[in-house]
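These are the residues of each chain, in order.
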Amino acid sequence: MSKSGKGGGELRLPQHIAIIMDGNGRWAKRRLLPRSAGHRSGAKTFQNIARYANQIGIRYMTVYAFSTENWKRPQEEIDNLMNLLRDYLKDAKNFQAENIQMQFIGDLTVLPADMQALIRRDEALSADATGMHLNIAVNYGGRDEIVQAVRRLAAEVKAGALEPSDIDQETLSARLYTAGQPDPDLIIRPSGEYRLSNYLIWQSAYAEFWFSDILWPDFKPKHLMQAIEAFGGRDRRFGGV
Ligand code: IPE
Ligand code: IPE
Ligand code: MG
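The notes below deal with the structure included here. Note that the structure is predicted; figures quoted are calculated from it, not measured.

1. Description of a negative patch on the surface
- The grouping of E163, D166, D168 and E170 at the surface amounts to a negative patch.
- When you line up the elements, D166 lands in the loop between helix 6 (142-158) and helix 7 (169-173).

2. Focus on the packing of helix 2 (residues 35-55) against helix 8 (residues 221-232)
- Running from amino to carboxyl end, helix 2 crosses helix 8 at an angle of 50°, the nearest separation of the two axes being 9 Å. With respect to helix 8, the element helix 2 is oriented oblique. Of the two possible hands of crossing, helix 2 and helix 8 adopt the one that is right-handed. Along its contact with helix 2, which presents N48, I49, Y52 and A53, the element helix 8 presents P221, L224 and M225.

3. Description of the pairing of strand 5 (residues 186-189)
- Burial of the side chains of strand 5 extends over both faces: L186 and I188 are buried on one face and I187 and R189 on the other.
- The pairing of strand 5 with strand 6 (residues 208-211) spans four bridges and is classified as parallel. Counted as the bridge partner of L186 is E208 from strand 6.

4. Here's the deal with the pattern of salt bridges
- Taken as a whole and judged by the stated rule, the model has 14 salt bridges.
- In this structure, D114 engages R86 in a salt bridge whose closest nitrogen and oxygen atoms are separated by 2.7 Å. Of this pair, D114 sits in helix 5 (residues 113-125) while R86 sits in helix 3 (residues 75-90); the two residues are 28 residues apart in sequence, bridging distant segments of the chain.
- Classification of D114 as partly exposed rests on a relative accessible area of 35%.
- Among the ionic contacts, a cluster of salt bridges with common partners joins D22, R26, R189, E193 and R195.

5. Some thoughts on helix 2
- Its 21 residues give helix 2 an end-to-end C-alpha distance of 30 Å, which sits within 8% of 30 Å, the value for a rise of 1.5 Å per residue.
- Taken together, the buried positions of helix 2 are occupied by A37, G38, H39, S41, G42, T45, F46, I49, A50, Y52, A53 and N54.
- Structurally, helix 2 contributes buried residues whose contacts are with strand 1 (16-20), helix 1 (24-30), strand 2 (60-67), helix 3, strand 4 (133-140) and helix 8.
- One or two steps after helix 2, the chain reaches G57, where phi turns positive at roughly 100°.

6. Description of the site of ligand 1
- If you check the shell around ligand 1, you find 13 residues, and the closest are D22, G25, R26, R35 and R73.
- The separation between an oxygen atom of ligand 1 and a polar side-chain atom of R35 is 2.9 Å.
- Bound to the protein, ligand 1 loses 87% of the 370 Å² it would expose on its own.
- Secondary-structure elements contributing two or more residues to the shell around ligand 1 are helix 1, helix 2 and helix 3.

7. Observations concerning the packing of aromatic side chains
- Taken as a whole and assessed by the stated rule, the structure comprises 10 aromatic pairs.
- With centroids separated by 5.2 Å and ring planes inclined at 65°, the aromatic side chains of F46 and Y88 adopt a geometry described as edge-to-face. In this pair, F46 is assigned in helix 2 and Y88 in helix 3, connecting sequence segments 42 residues apart. Each member of the pair, F46 as well as Y88, carries the same accessibility label: buried.
- With a centroid separation of 6.0 Å and an interplanar angle of 5°, the aromatic rings of F209 and F211 are classed as stacked.
- Through successive ring pairs, a cluster of aromatic residues spans Y64, Y140, Y177 and Y199.

The rules behind the values
Residues numbered from 1 in each chain as written. Chains lettered and ligands numbered in written order. Predicted model: local features only at pLDDT ≥ 70, side-chain atom pairs only at ≥ 80, totals over all residues. Heavy atoms only, no water. Patch = residues over 30% accessible without salt bridge, like charges linked within 9 Å, V, L, I, M, F, W, Y side chains within 5 Å. Areas by Shrake-Rupley, 256 points an atom, 1.4 Å probe, with all protein chains shown as cover. Salt bridge = Lys/Arg side-chain N within 4 Å of Asp/Glu carboxyl O. Lys, Arg positive; Asp, Glu negative; His and termini not counted. Charge placed at Lys NZ, Arg CZ, Asp CG, Glu CD. Helix = DSSP H or I, 4+ residues; strand = E, 2+ residues; numbered from the N terminus. Axes fitted to C-alpha atoms, helices over the stretch in contact; angles between N-to-C directions. Parallel < 35°, antiparallel > 145°, perpendicular 65-115°, else oblique. Left-handed = near helix turned anticlockwise from the far one by under 90°. Contact = heavy atoms within 4.5 Å. Buried < 20%, exposed > 50% of the residue type's maximum accessible area, 1.4 Å probe, protein only. Pairing = 2+ DSSP bridges. Expected span 1.5 Å × (residues − 1). Near = heavy atom within 4 Å. Polar contact = N/O pair within 3.5 Å; in protein donor to acceptor, adjacent residues only side chain to side chain. Phe/Tyr/Trp six-rings, centres within 6.5 Å; stacked < 30°, edge-to-face > 60°.

Structural data, given as structure tokens:
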């Protein structure tokens with residue numbers, strides 16, 4: 001646990017931080033660069049921030065890399081994003097050295113076969129890591145995730161393994177991609193947008209939000225620390241008094 005250094009108080013760390021890595025395109029545009037340059041820079045920021053979060057003792061981090069809606073983008077940009085992810089997947093030592101446990105969440109069945117194989121390999125290689133648990137959301141959509149979970153519940157009811165009256169918040173949570181994980185307690189969105197964009201819509205029911213105008217490629221560890229410090233000052237009531 002690190003200290004805040006302010007007033008000597010113990011810094012209250014969120015258990016699970018979720019980040020919407022947004023603003024790559026605008027970052028590139030401001031520099032008169034192609035959007036691909038923004039994504040490349042954003043990918044570096046991702047590695048830097050994940051490393052830092054692990055070092056300061058964050059237990060869970062979930063990053064939004066590609067949404068179910070991002071398929072609407074030009075094919076060239078989609079290819080560029082997939083290639084960046086492929087490069088990252090190939091370089092397994094990135095996270096092995098960090099002792100980070102990786103998991104990919106989203107509907108991965110539509111990804112190219114080589115990427116699916118790399119994902120399985122990397123998840124297996126990092127399965128015993130004891131550091132931060134890192135979820136990378138690819139072809140992820142919160143509504144899609146809930147639909148998939150409901151389908152599984154329906155199949156279990158049909159098979160006679162579950163009664164409709166057995167279905168409660170826990171049984172549904174246990175069929176989401178994030179099964180077994182604590183809900184995010186802090187959600188960070190840079191780039192000046194104030195929306196969830198279909199991210200973790202079930203899990204965010206009582207999350208704290210931190211927004212900033214910083215574009216993702218400019219996001220630094222100090223910004224993560226600002227968000228964590230803001231979180232530490234929040235009064236979370238969960239509906240109580
Ligand atoms: C986030 O940056 C990366 C992905 C959505 C994959 P954007 O590409 O959305 O950047 P802006 O929002 O256009 O600046
Ligand atoms: C959300 O950003 C998805 C990711 C960061 C991967 P978008 O840029 O796609 O979201 P909108 O379109 O601004 O809502
Ligand atoms: Mg965007």
